[in-house]
Amino acid sequence: MAKRMLVLWVSLLMVQGLSAQKGSVDPERILIIYLSRTQNTKTLAEIIHNKMGGRLEALALVTPYPENYRAIVEQVAEENRTGYLPPLKNRLDMEKYDMVFLGFPTWGMQLPPPMKSFLSSHDLKGKTVVPFNTNGGYGLGSCIQTIMKLCQGSTLLKELSIKGGSERDGIYLAIKGQRKKEVEGMVESWLHALQVLSK
């Protein structure tokens, strides 16, 4: 029953968001904030920025993660276990924005701790939140549920989730060449479906 109510609530938010955001959105009021390790989410963020305009901002940690893949996996697992939120350099005035695109990879089937840090330290109440994601082929995991918990009072629109690289398999930037052209078409279709892109 609880799961059904959750689905209905999300559907209602999506419908409210669509009706509230019909047509074009003022680019000056758009923020595209993203976390990217292998540049796939960054590439997706840049594609969205080219379509929508707005401010493009990469999450920057006070203490960057290690370069070694195994080391970062272990560190992130520990952060998820303890609930630790890594400090960020980003301090944004959210009063300037009405629509916030959130870009993130799936890490351990969860929302990455730096994105949790951002959502916990910036008030998105009253904003339209639009998630976009890259993953290694295993999907979003619990990312959207976590965003819902951390963005209460926001209007959550339907996310875009696409397959990017797979760092553990040595596949890094995958959204390039012909694949990038395909993703550009996917992004445009997604934005039109959300009714936030008028062109």
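Before reading further, recall that the structure is shown in the block above.
Below you will find a few notes about this structure. (Residues numbered from 1 in each chain as written. Predicted model: local features only at pLDDT ≥ 70, side-chain atom pairs only at ≥ 80, totals over all residues. Heavy atoms only, no water.)

With that settled, the discussion passes to the side chain of Thr-106. Along the chain, the position of Thr-106 falls in the loop between strand S3 (99-105) and helix H4 (113-121). A polar contact is formed between the side chain of Thr-106 and the side chain of Asn-133, at a distance of 2.9 Å. In terms of polar contacts, Thr-106 uses its side chain to reach the backbone carbonyl oxygen of Gly-139, at 2.9 Å. Look past the residues within four positions of Thr-106 in its chain and what remains in contact with it is Asn-133, Thr-134, Asn-135, Gly-139, Leu-140 and Cys-143. (Helix = DSSP H or I, 4+ residues; strand = E, 2+ residues; numbered from the N terminus. Polar contact = N/O pair within 3.5 Å; in protein donor to acceptor, adjacent residues only side chain to side chain. Contact = heavy atoms within 4.5 Å.)

What follows deals with the pairing of S3. Among the seven residues in S3, seven count as buried, and that is most of the element. Along S3, one buried face is formed by Met-99, Phe-101, Gly-103 and Pro-105 and the opposite face, lined by Val-100, Leu-102 and Phe-104, is buried too. Of the strand pairs in this sheet, strand S1 (residues 30-34) and S3 are connected by five bridges, and their pairing is parallel. Bridging from a neighbouring strand, Tyr-34 pairs with Gly-103 of S3. By the bridge criterion, seven bridges tie S3 to strand S4 (residues 128-135) in an arrangement that is parallel. Residue pairing in the sheet places Phe-104 in a bridge with Asn-133 of S4. (Buried < 20%, exposed > 50% of the residue type's maximum accessible area, 1.4 Å probe, protein only. Pairing = 2+ DSSP bridges.)

Attention now moves to the environment of Gln-110. If you trace the backbone, Gln-110 turns up in the loop between S3 and H4. In this structure the C-alpha to C-alpha distance between Gln-110 and Ala-77, which are 33 residues apart in sequence, comes to 9.8 Å. Filtering out sequence-adjacent residues up to four positions away, Gln-110 remains in contact with Asn-80, Pro-105, Lys-116, Ser-142 and Cys-143.

Enumeration over the complete set of coordinates arrives at two aromatic pairs. Centroid distance Tyr-65 to Trp-107: 5.6 Å. Interplanar angle 70°. Geometry classified as edge-to-face. You can see Tyr-65 sitting in the loop between strand S2 (55-58) and helix H3 (69-82) and its partner Trp-107 sitting in the loop between S3 and H4, a full 42 residues away along the chain. We classify Tyr-65 as buried; its relative accessible area is 12%. With 6.1 Å between their ring centres and 75° between their planes, Phe-101 and Trp-190 make a pair best called edge-to-face. Separated by 89 residues along the polypeptide, Phe-101 in strand S3 and Trp-190 in helix H6 (residues 177-194) bring together distant segments of the chain. (Phe/Tyr/Trp six-rings, centres within 6.5 Å; stacked < 30°, edge-to-face > 60°.)

Put simply, the largest pocket is a space of about 700 Å³. What lines the largest pocket is a set of 30 residues, among which Tyr-69, Thr-106, Trp-107, Gly-108 and Gly-136 lie closest to the centre. Sorting the residues of the lining of the largest pocket by element identifies helix H2 (40-52), H3 and S4 as the ones contributing at least two each. In terms of residue count, the dominant contributor to the lining of the largest pocket is H3 (seven residues). In terms of residue class, the lining of the largest pocket is built from ten nonpolar, 16 polar and four charged. Looking at the second largest pocket, its volume works out to about 320 Å³. Tallied by class, residues from the lining of the second largest pocket come to ten nonpolar, two polar and three charged. (1 Å grid on protein atoms, 1.4 Å probe; cavity = no way out; pocket = protein on both sides within 12 Å on 5 of 7 lines; lining within 4 Å. Points joined across faces, edges and corners; volume = space filled by probe spheres on them. Nonpolar A, V, L, I, M, F, W, Y, C, P; charged D, E, K, R; others polar.)

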